[in-house]
Structure formats: C-alpha cells, structure tokens
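Residue-level structure breakdown
Okay, here's what each chain looks like letter by letter:
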Amino acid sequence: MTNNNAKLGTKAVWAGEKEYLVHGATQVPVVLSVAYGYDDMDEWYDVAIGKKKGHIYGRNTNPTVQAFEDKLKILEGAEAATSFSTGMAAISNTLSTFLLPGDRIVSIKDTYGGTNKIFTEFLPRQQIEVSLCETGNHEQIEVEVAKGCKILYLETPTNPTVKITDIERMAKAGRDAGALVIVDNTFATPINQNPLSLGVDLVIHSATKFLGGHADALGGVVCGSKELVEKIYHFREINGATMDPMAAYLMLRGMKTLHLRVREQCKNAMALAKYLQSKEMVENVYYPGLESHPHHDIAKKQMKDFGGMLSFAVKGGVDTVRDLLPKLQFANRAANLGAVETTVGPARTTSHVECTPEERAAMGIPEGLIRVSCGIEDIEDLIADFEQAFNHVESVLQV
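Residues numbered from 1 in each chain as written. Predicted model: local features only at pLDDT ≥ 70, side-chain atom pairs only at ≥ 80, totals over all residues. Heavy atoms only, no water.

As annotated in an unreviewed UniProt entry, the protein chain carries the name homocysteine desulfhydrase and comes from Peribacillus simplex. Regarding the protein chain, the UniProt comment filed under Sequence similarities (unreviewed entry) reads as follows: "Belongs to the trans-sulfuration enzymes family." (UniProt positions renumbered as here; feature names shortened; annotations may be inferred.)

See below:
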C-alpha cells in the first residue's frame, strides 16, 4: 500500500500486506518454515547480518509475522514495530531492554495486574527503583519524573477502571527529564488513539485483545522509532519470545475489520454505560465517554472515541457479582477483552487476579467491580440482557 493519505479504516484492510503476497494470492500466507535456505553463501551472510532483506530462522523473523508488524506500524504512524508471543512478553521485554540495576522507573498505580507485578515484585529484585504515582495526578507524576528516571511508563485508558492520563503533557515531562516514555495503548487501539503523535517514544499493544479481536490468538507488539525498536528486537530475538506465524495470520485477518469492530464497540460501550448509570444497584460507572468521568475532557482531547471498555461497581460486592454475571446470556464470563463477543468479569479473576484483595483495594479496585468488554452485538439485546440479569438479582434480594 503506497497511499499514505488513506484513512485508518482503509489502512487496516490494506496496509503492510502487498510485499508478502505470493502466486497471485490476495491474502498473506502462513509461513510455517523454521529455517530459510541459501545456495549463495555471501547472500546468506548478508541476510544474516541484516545487510540484505530476507529471513534465516523463525525465532528471528518470519514473513507472516513481518506483515503483521508492518500493518501495525502503519496504523500507529511508527517507523518500526516488533512483535512478541504475548502482550506481557512485549511489556517485559521492552522494560528489560532499557532498564539496568540502579535505574529508576516512574509509572502509575492503575496499570494492568501483570504489569503492576513487574513493578512491585520483579524490578525491585533487580535493584531497579520503582515510583508508582496516583493515576490522573499529573502534578505528582511530573515531580517524580523531574527527580530523574530512565522510563516513564503509562497505560491509558487503564485496566480495569479506565482512568485517563494526559499523554501529551506526560510526554513533555518525560522528554524534559531525558526519560523514555512508553504507553500501553491496548484499550484505546490505534483506531482511537495514537500516542506517538502526542510525543511518546514507544507504544505497546496486547495484540491478543482488540487487534486480533476474536479471542483465538496470543500476541504483543511494540511500535516506535527504528533505533529503539531495533534494540527491543535484539533483546527479543535472543530471549526468544517470538510471535507464532499462525497467530500473526489470525491477527492480520482480525485487523482487517478493526475499524468496524471498534466503532461498534465504542457505540455499545457508551450506550451500556449510560444504561448502567440508571440502575439503583450500580454504585459507580467507569467510562471516559461519560461527562461524569473525572478526566473526560482529557480523553476527549486525545482520543477519537472512548473505547469499548467500561467497568462498574455493584452494591453488595462479590455476592452481587456471583448472582448477576451467571444470568447474562450474551456475555462470556472470561479473562479476556477486545473480542467480538461481550466479555465480563470481576477484576479479582481477570485483570488483577495476581493481586491480593488488599493490593486491589490500594489501587482503588473494589471487589464488586465488574469489567465489561463490549462486543459488536445489537445494543438493544445487550441492554435487555443486563436488565433481565439485574431483575433476577433484585427478585432474589426481595425474597
């Protein structure tokens, strides 16, 4: 695809694929070969050292995987991208590429549970100082960054309480301090938010989620400058967290409908959030598209739409969750998000299952919080489904 002026929806369908089509095929093939042979020893050497384009071994590169990386880098407006076996592999490999004992990293308290475990458990073991700030307290983050740090790591919207951080403001704070600024863009997707255009150095996605969109493939990806991505790629190629070619194919197929899926998911999330606000059993609704959200104005400034993720806290806590969720007919109760089907679950079994109740409470995550990843179902059916589930719980309480 050579038309750089095409809109994101068109790029999601066409970008990054033409070079990898073979024998008149209209779809990128799944290349399962582990090794790539060469009769010319000099050509083999040139490919091996990166002087010439090509592939030598599947742990390093693969044509199907490279097509996925090329599509994502175009959607994010990046110079380069490199992929991983999972989203957490993308996060951990990226951090490990740049952090050394004695370094300092600044982040927020509301990151995904696995990421939080890296900050609170694994990095301190390596004598890396971690400062976790209140999410949304931009002044506190700026003060901590100004003290000096190697990395400023952000996630916005956050998982699962969809809190928002001002990316442009934080990117400036990071640049002023000489820090590398990294943003997890999984919840927003490149359709709704492009952190690189706001001054960020690197963007991370759990490709398992919205990019793939069908809950059938694991993967992660990092986008940014060629210089930074090459360093991350080198760490990954040696440590081996390589994306599987079949997963890359499924990601490519899923991304062709990314803009359509995300558009419907955003629309459904907004309607469901407004509905939930009207329910007496619901204590709080967390969705950046609502004007009641504390950082709605920031979200409106940096996002094209507000995403397909929301969460809400119910009265009665875990007991209500136990009664409510099994009654939903059009929702998977599972630890995943971003799929075409609506998926629900409490943080205690999904995003922050690794954390203790006390750790979740410290992050402002109530035990009665339910995370909702809106699918592409008809919104009338989704709302009717939640209504009948709420009616069941209310009838049980009245008995």
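So that's the structure; there's more coming.
1. Examining the packing of helix α3 (residues 63-76) against helix α10 (residues 245-255)
Orientation of α3 relative to α10, taken along the N-to-C sense of each, is 35°, at an axis distance of 8 Å. α10 is crossed by α3, and the crossing has left-handed handedness. Here Thr64, Val65, Ala67, Phe68, Lys71, Leu72 and Leu75 of α3 lie close against α10, whose contacting residues are Pro245, Ala248, Tyr249, Met251, Leu252 and Met255. Among the residues making up the contact of α3 with α10, the classes are represented as 11 nonpolar, 1 polar and 1 charged. (Axes fitted to C-alpha atoms, helices over the stretch in contact; angles between N-to-C directions. Helix = DSSP H or I, 4+ residues; strand = E, 2+ residues; numbered from the N terminus. Left-handed = near helix turned anticlockwise from the far one by under 90°. Contact = heavy atoms within 4.5 Å. Nonpolar A, V, L, I, M, F, W, Y, C, P; charged D, E, K, R; others polar.)

2. Comments concerning the UniProt feature "modified residue: N6-(pyridoxal phosphate)lysine" (unreviewed entry) in the protein chain
As recorded in UniProt, the sites labelled "modified residue: N6-(pyridoxal phosphate)lysine" (unreviewed entry) are Lys209. Secondary-structure assignment places Lys209 in the loop between β6 (202-206) and β7 (220-224). Accessibility expressed as a relative area gives 19% for Lys209, which makes it buried. (Buried < 20%, exposed > 50% of the residue type's maximum accessible area, 1.4 Å probe, protein only.)

3. Concerning the packing of aromatic side chains
Scanning the model with the defined rule gives 4 aromatic pairs in all. Taken together, a centroid distance of 6.4 Å and an interplanar angle of 55° make the contact between Phe312 and Phe390 tilted. Highlighted residues: Phe312 in strand β9 (residues 309-314) and Phe390 in helix α15 (residues 379-398), separated in sequence by 78 residues. Side by side, Phe312 and Phe390 carry an identical accessibility label, which is buried. (Phe/Tyr/Trp six-rings, centres within 6.5 Å; stacked < 30°, edge-to-face > 60°.)

4. A short note on the environment of Tyr286
Structurally, the position occupied by Tyr286 is in strand β8 (residues 282-286). Separated by 85 residues in sequence, Tyr286 and Arg371 place their C-alpha atoms 9.3 Å apart. Among all residues touching Tyr286, those that are not within four sequence positions of it are Thr161, Val162, Leu310, Ser311, Phe312, Ala313, Pro366 and Leu369.

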